Amino acid sequence: MIRPFHVIWRAFAVWWDQWFILTILNIGWFVAQLFVVMGPPATAVLFAMTQRTLDGDFWDHREVGQAFREMFWPAWRWGALNLLVVGVAAFNLLTYADAAGVWNLLRMVWLVVLVLWGSLNLFYWPFWLEQDDRSMWTTYANCGRFLLLNIWQTPLLLLVCALLTVLSVATTLPFTLALMVWLGLLAGTAVRHSLAWQR
């Protein structure tokens, strides 16, 4: 099991120590989202570089470029699945937004699906980077096990991530400069602590 407050403290301590290079990484991720084809690979690369930062490794633009090339297709397989799941959920929520009766229950089901799916995806890349079998099924299975093993601790981490997201989007600047690296560091630290505990 993880210790949420220790995970949060460790993630922010690493960010504080390496804030300059991580800010550049976050800005690069933000710019990449403007070009749809670069979005999923840029997200995967951001998680990969935050993992290396947690390891205390030095990295530069060459490692970023290499990781982008290596993770391009795995990232797009992940991205395509996410587009499908989020698209289906959003379609159902919007289509039946004004419906009453049983549709209220179905809307709640789709909202729960979106929350669970988002929770799995927060930890997807840290697990993918740590494991030998990098299949999508194995990665999501490990994410699911992580959530079940930390069923009482994970909600606190997810709440912190949600608050960071809301505050960053509302104030714009942290969203551009730091949000995604904060999420990457939190998720990566949590996964590392969980794996260390299991060993």
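This write-up is about the structure you can find in this document.

Definitions and limits used
- Residues numbered from 1 in each chain as written.
- Predicted model: local features only at pLDDT ≥ 70, side-chain atom pairs only at ≥ 80, totals over all residues.
- Heavy atoms only, no water.
- Phe/Tyr/Trp six-rings, centres within 6.5 Å; stacked < 30°, edge-to-face > 60°.
- Helix = DSSP H or I, 4+ residues; strand = E, 2+ residues; numbered from the N terminus.
- Buried < 20%, exposed > 50% of the residue type's maximum accessible area, 1.4 Å probe, protein only.
- Lys NZ or Arg CZ within 6 Å of the ring centre and 35° of its normal.
- Contact = heavy atoms within 4.5 Å.

Now for the packing of aromatic side chains. Evaluated as defined, the whole model comprises 14 aromatic pairs. Ring geometry for W78 against W125: centres 5.5 Å apart, planes inclined by 70 degrees, an arrangement best described as edge-to-face. Residue W78 is found in helix α4 (residues 61–95), and its partner W125 is found in helix α6 (residues 124–130); the two are separated by 47 residues along the sequence. The exposure classification of W78 matches that of W125, with both residues buried. Ring pairs connect the aromatic residues W78, W117, Y124, W125, W128 and Y140, which therefore count as one cluster. The residue whose ring lies beneath R134 is W128, and the NZ or CZ to ring-centre distance is 4.3 Å.

The subject of this paragraph is the environment of P174. Within the fold, P174 resides in helix α9 (residues 173–177). Sequence separation between P174 and L164 is 10 residues; the distance between their C-alpha atoms is 8.8 Å. The contact partners of P174, leaving out residues within four places of it in the chain, are S168, L179 and W182.

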